[in-house]
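Tertiary structure, described
These are the residues of each chain, in order.
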Amino acid sequence: MKLAFRPTDCWRWYFDSEYDSLMLEVSSEMLFRSCYPSKILIPDVFCEFPFSVSDATFYYQFHDRCQLLNLTDSQKIELSINAIVAANFLKPQMPKSWYFSQQPMFYKPKVADIVEVNLQETSQKVYLLVVEASENASLCIIAQPTFIAMNKTFYFSEAIKVMNDRLKPIQYDTAQHPEYLKLEAI
């Protein structure tokens, strides 16, 4: 699998007050605008700073895991960059787990895990990308197009903190993703 583009030491973050958004300048021809408004960002983002080695590590980690999702290449890149912003620059959030059903088995996710939750009202599956994992709750971003739960619309890459007892590992079809088959020596 070939990435559409690779992080370089020329990339830089800056806040654009006109768009009320954190921006990532990839080149003079390419700019990425994060989906998070200033009111939920930490104060450190209101200046210019480089895309760090840690950011690049996160990018590759998130982008690699996004291969499990049925998204376009540009959506995988967008999700990965928004995941970096959510992991590093969002203010702390309280869990909003009431939208999702409790799972029968407790699952403790890791950063970059793709997880699924079931909507409380309809049991519809929703896919999330874990950007920050802790003992009881994890900060996730929506890893699929828009969905509605309890009359609230959720959007692609939107951040939501969820109690871990609502999360379960993604179930994927190894026939469609043979690269994720686990082979063991006998």
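The numbers attached to residues start from 1 for each chain and follow its sequence in the written order. Under the rules for a predicted model, residues below a pLDDT of 70 receive no local features and side-chain atom pairs below 80 are neither given nor counted, while totals for whole chains, interfaces and linings still include all residues. To obtain the side-chain values, all non-hydrogen atoms of the structure were included, while hydrogens and water were left out.

What to know about the sheet that holds strand β2 (residues 21–25)
- In this analysis, strands are considered paired if DSSP registers two or more bridges between them. Going along the chain from the N terminus, every DSSP run of H or I of four or more residues is numbered as a helix, and every run of E of two or more is numbered as a strand. Taken in spatial order, the four strands make up an open sheet running β3-β2-β1-β4, and their pairing is antiparallel. Lying at the two open borders of the sheet, with one neighbouring strand each, are β3 (31–37) and β4 (49–50).
- Strand direction decides the pairing type here: strand β1 (residues 12–16) and β2, joined by five bridges, are antiparallel. Within β2, the residue paired with tyrosine 14 across the bridge is methionine 23.

Section: the nonpolar core
- With 42 residues, the main nonpolar core has Trp13, Leu41, Leu79, Phe89, Leu129 and Ile141 as its most contacted residues.
- For this core, the elements supplying multiple residues, two or more each, are β1, β2, β3, α1 (53–65), α2 (73–89), β6 (125–133) and β7 (137–142).
- When residues of this core are assigned to their parent elements, the largest contribution, nine residues, is made by α2.
- In what follows, residue pairs with any heavy atoms lying within 4.5 Å of each other are defined as contacts. Contacts of isoleucine 141, omitting those with residues within four sequence positions, involve Tyr36, Leu79, Asn82, Ala83, Ala86, Tyr127, Leu128, Leu129, Val131, Ser157, Glu158 and Ala159.
- As used in this record, nonpolar core signifies buried Ala, Val, Leu, Ile, Met, Phe, Trp, Tyr and Cys residues forming a set joined through side-chain atoms within 4.5 Å. Think of it in three bands: residues with accessible area under 20% of the maximum for their type are buried, residues over 50% are exposed, and the middle band is partly exposed, with areas taken using a 1.4 Å probe on protein chains only. Counting 17 residues, the second-largest nonpolar core is a separate cluster that includes Val115, Val130, Cys140 and Phe147.

A short note on the sheet that holds strand β5 (residues 114–118)
- One open sheet holds the five strands; their spatial order is β10-β7-β6-β5-β11, and the pairing between them is antiparallel. The sheet is open, and its two edges are formed by β10 (159–163) and β11 (168–169), each paired on a single side.
- Two strands pair when backbone bridges link them, and β5 and β6 are joined in this way by five bridges, in the antiparallel orientation. Each residue of the ladder has a partner; that of valine 115, found in β6, is leucine 128.

What about unusual backbone geometry?
- The backbone phi angle of aspartate 20 is positive, close to 50°, even though this residue is not glycine.
- With respect to the helices, strands and loops of the structure, aspartate 20 is situated in the loop between β1 and β2.
- Not every positive phi belongs to a glycine, and methionine 150 is a case in point at roughly 50°.
- Counting through the fold element by element, methionine 150 comes out in the loop between β8 (147–149) and β9 (152–154).

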